[in-house]
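# Per-entry structural report
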Amino acid sequence: MQWHIKYFSAKVEQEILALPDGLLARYLRLTDLMIEFGPNLGPPHTKSFGNALFELRIKSKEGIARVFFCTKSGRKIIMLHVFIKKTQKTPKKEINIARNRMNEVMQDGSF
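The next thing to look at is the overall build of the chain. Counting its regular elements, the chain contains three helices and five strands. For 111 residues, the compact-globule estimate of 2.2 N^0.38 gives 13 Å, and the C-alpha radius of gyration of the chain, at 13 Å, lies within 12% of that figure. Principal-axis analysis of the C-alpha atoms gives the chain an extent of 40 × 30 × 25 Å. The burial tally for the chain puts 39% of its 111 residues in the buried class. Counted over contacts in the chain with a minimum sequence separation of 6, partners at least 24 positions apart contribute 53%. Summed over all atoms, the accessible surface of the chain reaches about 6600 Å², with 51% contributed by carbon and sulfur. One finds the centroid of the 19 positive side-chain charges in the chain at a distance of 7 Å from the centroid of its 10 negative side-chain charges.

This is the structure we're talking about:
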């Protein structure tokens, strides 16, 4: 049974689709694997941030991007937030945005 990818909002989906070509190609390849095998691709592709929050780690010659996601029953993967990584450590601001959106998703029955 396949997994399904959903987006927190149309804006998040547009931001992901606006990634540079190499990053977008890598994102599409990794999400194809997630649909087939589930969200836990393991290192170096996915990383847990605890409390059901995960990041998809995307790297190409254009740089590094991160897409935060969570899962919900019914084999749903919800993409919460994307950003281009510019520092070695993930900024707390980006993690907080993803956590707030994840909390909203978990309380909302429409996802």
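A few words now on helix 3 (residues 92–107). For helix 3, built from 16 residues, the straight-helix expectation of 22 Å at 1.5 Å per residue is met to within 8% by its first-to-last C-alpha distance of 23 Å. Where helix 3 is concerned, the buried positions are Glu94, Ile95, Ala98, Arg101, Met102 and Val105. For helix 3, the angular spread of buried residues about the axis comes to 135 degrees, placing them on one side. Across from the buried face of helix 3, at angles greater than 90 degrees, the exposed residues are Lys92, Lys93, Asn100 and Gln107. The inward-facing, buried residues of helix 3 abut helix 1 (10–17), strand 2 (46–50), strand 3 (53–60), strand 4 (63–72) and strand 5 (76–85).

Reading the values: the criteria
Residues numbered from 1 in each chain as written. Predicted model: local features only at pLDDT ≥ 70, side-chain atom pairs only at ≥ 80, totals over all residues. Heavy atoms only, no water. Helix = DSSP H or I, 4+ residues; strand = E, 2+ residues; numbered from the N terminus. Rg over C-alpha atoms; globule rule 2.2 N^0.38 Å. Buried < 20%, exposed > 50% of the residue type's maximum accessible area, 1.4 Å probe, protein only. Contact = heavy atoms within 4.5 Å. Areas by Shrake-Rupley, 256 points an atom, 1.4 Å probe, with all protein chains shown as cover. Lys, Arg positive; Asp, Glu negative; His and termini not counted. Charge placed at Lys NZ, Arg CZ, Asp CG, Glu CD. Expected span 1.5 Å × (residues − 1). Arc of directions from axis to C-beta.

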